[in-house]
Amino acid sequence: MKKRFLTAAAAALCAVSLAACGGSSTATTAAETQTSEAADTTAAEADAAEEETAAEAEETEEGGTLIMATNAEFPPYEYHDSSQTGPDGSDIVGIDAEIAGAIAEKLGKDLVIEDIAFDSLIPELQSGKADFVAAGMTVTEDRLVNVDFSDTYATAVQSIIVTSDSEIAGPDDLAGKKIGVQQGTTGDLYATDDFGDENIDRYPKGVDAVQALVQGKVDAVIIDNEPAKVFVGDNEGLKLLDTAYAEEEYAIAVKKGNTELLEQINTVIQELKDSGEMDSIIGKYITAE
Ligand code: GLN
């Protein structure tokens, strides 16, 4: 099996060096400026500043909102289930939704979950429309150019789904075959690299790629193992190959340089891991084999 993910250690190193280079020096400059300005502040200005601080404190007390962007087509990490109520009061549930709920609760904010196309998630973060992305998103070097990732919270593999009667038995048999993927996912990126753009059919949702397989439009689907299990369970005549295609790790993404939120998210992830809560969230959605 190929190991294409960036290790947690490498990602952590990156985050540390980033904080060391950019974040802290800017913060010092801002603080210094504030100190020197404070010396010349008139009484009126001091009053205004005090009011501002009070307003800010009130805002924190009241909480405000925390916007999570995701693509809720990825069971068991995020999906719509009309029989349940998710942490933002909508019908979006799953492992990421619950982790996000814990983060919002910890920060005293109301969670809002935005459900958008997978390949719009990073642009949504960059434009500042969302605070973080929790979407079973794999840490990759390319994505690290555009966003910062939290500590990882799950390992995953890219799996291969074929029809029960297929002769495809592993990644090597995929050469020259039509492969269905969800647009913009690592399954898409890796398969395009390995088997050529002309052999890849891209779909907006993983479930659409699986439907194309059922209808004989593609020979195989490459997708993350947990949704793969759900989709194979929901459709007759499909099987999941034992040999996986690639190994990877999931993390939460924030806008590049948003160290404050990143640290808060990492603290919550660590707390969830230490308290065993992370295991129970995962155990609620994934039955151990
Ligand atoms: N883990 C895959 C990726 O990050 C797919 C995630 C998804 O479809 N939500 O590209």
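Residues numbered from 1 in each chain as written. Predicted model: local features only at pLDDT ≥ 70, side-chain atom pairs only at ≥ 80, totals over all residues. Heavy atoms only, no water.

(A) Structural context of the sheet that holds strand β2 (residues 65-70). On the basis of which strands lie adjacent, the open sheet formed by 5 strands has the order β6-β2-β7-β15-β8 and mixed pairing. Each of the sheet's edge strands pairs with one partner strand only, and the pair in question is β6 (110-115) and β8 (147-149). Those strands touched by helix α3 (residues 95-107) are β2, β6 and β7 (132-133), and its axis lies near 165 degrees from that of β2. Its contacts with the sheet place helix α9 (residues 259-275) against β2, β7, β8 and β15 (253-255), and it is angled at close to 160 degrees to β15. (Pairing = 2+ DSSP bridges. Helix = DSSP H or I, 4+ residues; strand = E, 2+ residues; numbered from the N terminus. Contact = heavy atoms within 4.5 Å. Axes fitted to C-alpha atoms, helices over the stretch in contact; angles between N-to-C directions.)

(B) Local environment of the nonpolar core. By size, the foremost hydrophobic cluster in this structure holds 36 residues, and its most contacted members are Tyr-77, Ile-99, Ile-103, Phe-132, Tyr-153, Ile-252 and Ile-265. Elements represented by at least two residues in this core include exactly β2, β5 (92-93), α3, β6, β9 (154-163), α9 and α10 (277-285). Within the second largest apolar cluster, 16 residues are counted, among which are Ala-69, Leu-121, Leu-125 and Ala-135. (Core = buried A, V, L, I, M, F, W, Y, C linked by side-chain atoms within 4.5 Å. Buried < 20%, exposed > 50% of the residue type's maximum accessible area, 1.4 Å probe, protein only.)

(C) Region of the structure containing the sheet that holds strand β4 (residues 78-80). Here we have 3 strands laid out as an open sheet, ordered β3-β4-β5, and antiparallel in their pairing. The outermost strands of the open sheet, each flanked by one partner alone, are β3 (73-74) and β5.

(D) Spatial organisation of the site of the ligand. What surrounds the ligand is a group of 13 residues, the closest being Gly-136, Thr-138, Arg-143, Thr-186 and Asp-224. At a separation of 2.8 Å, a nitrogen atom of the ligand approaches a polar side-chain atom of Thr-138. At 2.7 Å, a backbone N or O of Thr-186 approaches an oxygen atom of the ligand. Notes on the ligand: free accessible area 300 Å², of which the protein chains cover 100%. Taken together, the residues of the shell around the ligand break down into 5 nonpolar, 5 polar and 3 charged. (Near = heavy atom within 4 Å. Polar contact = N/O pair within 3.5 Å; in protein donor to acceptor, adjacent residues only side chain to side chain. Areas by Shrake-Rupley, 256 points an atom, 1.4 Å probe, with all protein chains shown as cover. Nonpolar A, V, L, I, M, F, W, Y, C, P; charged D, E, K, R; others polar.)

That is the geometry; function is a separate question.
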